[in-house]
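Summary of the model geometry
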Amino acid sequence: MAASQGWLTFRDVAIDFSREEWECLHTAERKLYVDVMLENYRNLCSLGLAVSKPDLVIFLERMKEAWDVKRKKTVSIHPGGFKPDPAKVQTQ
């Protein structure tokens, strides 16, 4: 990179969606976006190029935590909550 262009910043690699665009994304696409943006930030940090944590990164980390909590609750309820219907179970 030429010295006149300055250092690479998170804004240089971040993708912004409008509310309308965001609402058009499927859940998997939203999760992918969050993962990629957080990875971009971590990569900049590892290169020593991130001076401070952008508000977008803080927001995305909170969003990811909320998804992780929701996923864990869903997984923990399902296995123990399944009971076969006795009328449909065949006995030998």
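First things first, this report covers the structure right here in the doc. (Residues numbered from 1 in each chain as written. Predicted model: local features only at pLDDT ≥ 70, side-chain atom pairs only at ≥ 80, totals over all residues. Heavy atoms only, no water.)

Comments concerning the overall build of the protein
Applied cut-off: The helix and strand labels rest on DSSP assignments: H or I over at least four residues marks a helix, E over at least two residues marks a strand, and numbering proceeds from the N terminus. Any residue under 20% of the maximum accessible area for its type is buried, any over 50% is exposed, and the rest in between are partly exposed; the area is computed with a 1.4 Å probe on protein chains only. In this analysis, two residues are considered to be in contact whenever any of their non-hydrogen atoms come within 4.5 Å of each other.
For the protein, the helix and strand inventory stands at four helices and zero strands. Scanning the protein from its N terminus toward the C terminus, one meets helices and strands in the order α-α-α-α. Here the protein holds 92 residues, and the buried ones make up 15% of them. Taking all contacts inside the protein whose residues are at least 6 apart in sequence as the whole, residues at least 24 apart take part in 54%.

A look at helix 3 (residues 27-46)
How we decide: Helix span is expected to be 1.5 Å times the residue number reduced by one. What the arc describes is the spread of directions from the helix axis to the C-beta atoms.
In this model, helix 3 (20 residues) spans 29 Å end to end at C-alpha, consistent with the 28 Å of a helix rising 1.5 Å per residue. Where helix 3 is concerned, the buried positions are Tyr 33, Val 34, Met 37, Leu 38, Tyr 41 and Leu 44. Buried residues in helix 3, looked at end-on, bunch into an arc of 120°, giving them a common side. Exposed and facing more than 90 degrees away from the buried side of helix 3 are Ala 28, Leu 32, Arg 42 and Ser 46. Once helix 3 finishes, Gly 48 follows within two positions and takes phi at roughly 75°, a positive value.

Some thoughts on the pattern of salt bridges
Formally: Salt-bridge detection follows one rule: a side-chain nitrogen of Lys or Arg within 4 Å of a carboxyl oxygen of Asp or Glu.
Counting across every chain of the model gives two salt bridges. Between Arg 11 and Asp 16 there is a salt bridge, with its nearest N and O atoms 3.1 Å apart. Under the relative-accessibility criterion, Arg 11 is labelled partly exposed at 48%. The exposure class of Asp 16 is exposed, given its relative accessible area of 52%. For the salt bridge of Glu 61 with Lys 53, the shortest nitrogen-to-oxygen distance reads 3.1 Å.

Re the packing of aromatic side chains
Applied cut-off: Only Phe, Tyr and Trp rings take part, Trp by its six-membered ring, and two of them pair if their centres are within 6.5 Å. Stacked means planes under 30 degrees apart, edge-to-face means over 60, and tilted covers everything else.
Throughout the structure, instances matching the rule amount to four aromatic pairs. Their ring planes at 55° and their centres at 6.1 Å tell us that Phe 17 and Trp 22 sit as a pair that is tilted. For Phe 17, a relative accessible area of 34% puts it in the partly exposed group. Taken together, a centroid distance of 5.1 Å and an interplanar angle of 70° make the contact between Phe 17 and Tyr 33 edge-to-face. With Phe 17 in the loop between helix 1 (10-13) and helix 2 (19-24) and Tyr 33 in helix 3, this residue pair connects regions lying 16 residues apart in the sequence. Here Tyr 33 falls in the buried class, since its relative accessible area comes to 11%. Chaining the aromatic ring pairs together yields one cluster made of Phe 17, Trp 22 and Tyr 33.

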